[in-house]
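A look at the structure
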Amino acid sequence: LMAWIHENVWKRGGNVTRADAAEYVSMNQEYMSRMFKEKTGISFKDYVLQEKMKYAEKLLRETAMPVSVIASKVGFSNFSHFSAMFKRFYRDAPADYRKKMS
C-alpha cells in the first residue's frame, strides 16, 4: 500500500484519498486506516502528506517551476496552507528552501 500511495501521489498530483486506497486493498476505509496506522505507526493522512511534501521538495530542487504551481501539482489549492505544511517538514518556506538548495 505504501508503494501504491507513493506512486499515486506523484501520478495524481497529490490526489490520493482514503477511499481510493481502501478500494485498492479491498478493505473498508476505517479498517484500512486502522491497519495502516497499526503497521506503520503513522496515520494514512499523515503518510500521504509526507509523500506530498517529498514530491514538492523534489520539484523545488529539480525544476524551475513556480512554487504556486508546485503547490497545486502536489494537491494544495491553498498556497499558504501548502507553505505552512512544507515549512513544518523542512523548516523553511518553499522559496527559501529552493534558494538554499541551489
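Whatever comes next refers back to the structure up there.
Read on for a plain summary of the structure. Just so it is clear, the model here is predicted, and its values are computed rather than measured.

Turning our eyes to something else, we now look at the pattern of salt bridges. Enumeration according to the criterion identifies eight salt bridges in this entry. Here Glu30 ties to Arg18 by a salt bridge, and the two come within 3.4 Å at their closest N and O atoms. A residue pair is termed long-range when its members are at least 10 positions apart, and Glu30 in helix 3 (residues 29-40) and Arg18 in helix 2 (residues 18-24) qualify at 12 residues. With a shortest N-O distance of 2.8 Å, Lys100 and Asp92 are connected by a salt bridge. One salt-bridge network, held together by shared partners, links Glu57, Lys58, Arg61 and Glu62.

Taken N-terminus to C-terminus, the directions of helix 1 (residues 2-11) and helix 4 (residues 44-62) make an angle of 45 degrees; their axes are 10 Å apart at the nearest point. Considered as vectors, helix 1 and helix 4 are oriented oblique to each other. The element helix 1 and its partner helix 4 pack so that their crossing is right-handed. Residue-level contacts link Met2, Ile5, His6, Val9 and Trp10 of helix 1 to Phe44, Tyr47, Val48, Glu51, Lys52, Tyr55 and Lys58 of helix 4.

A few words now on the nonpolar core. Within the largest apolar cluster, 26 residues are counted, with the highest numbers of intra-cluster contacts made by Ile5, Phe44, Met53, Val74, Phe76, Phe82 and Phe86. Every element with two or more residues in this core is listed here: helix 1, helix 2, helix 3, helix 4, helix 5 (67-73) and helix 6 (79-90). Counting residues per element, this core draws most heavily on helix 4, at nine residues. When neighbours within four sequence positions are excluded, Met53 is seen to be in contact with Phe76, Phe82, Met85, Phe86, Phe89 and Tyr90.

If you check which residues of helix 1 are buried, you get Trp4, Ile5, Asn8 and Val9. In an axial view of helix 1, the angular spread of the buried residues amounts to 130 degrees, which keeps them on one side of the axis. Opposite its buried face, helix 1 presents the exposed residues Ala3 and Lys11, each directed more than 90 degrees away. The inward-facing, buried residues of helix 1 abut helix 2, helix 3 and helix 4. Positive phi shows up at Gly13, right after helix 1, with a value of about 60 degrees.

Rules and cut-offs
Residues numbered from 1 in each chain as written. Predicted model: local features only at pLDDT ≥ 70, side-chain atom pairs only at ≥ 80, totals over all residues. Heavy atoms only, no water. Salt bridge = Lys/Arg side-chain N within 4 Å of Asp/Glu carboxyl O. Helix = DSSP H or I, 4+ residues; strand = E, 2+ residues; numbered from the N terminus. Axes fitted to C-alpha atoms, helices over the stretch in contact; angles between N-to-C directions. Parallel < 35°, antiparallel > 145°, perpendicular 65-115°, else oblique. Left-handed = near helix turned anticlockwise from the far one by under 90°. Contact = heavy atoms within 4.5 Å. Core = buried A, V, L, I, M, F, W, Y, C linked by side-chain atoms within 4.5 Å. Buried < 20%, exposed > 50% of the residue type's maximum accessible area, 1.4 Å probe, protein only. Arc of directions from axis to C-beta.

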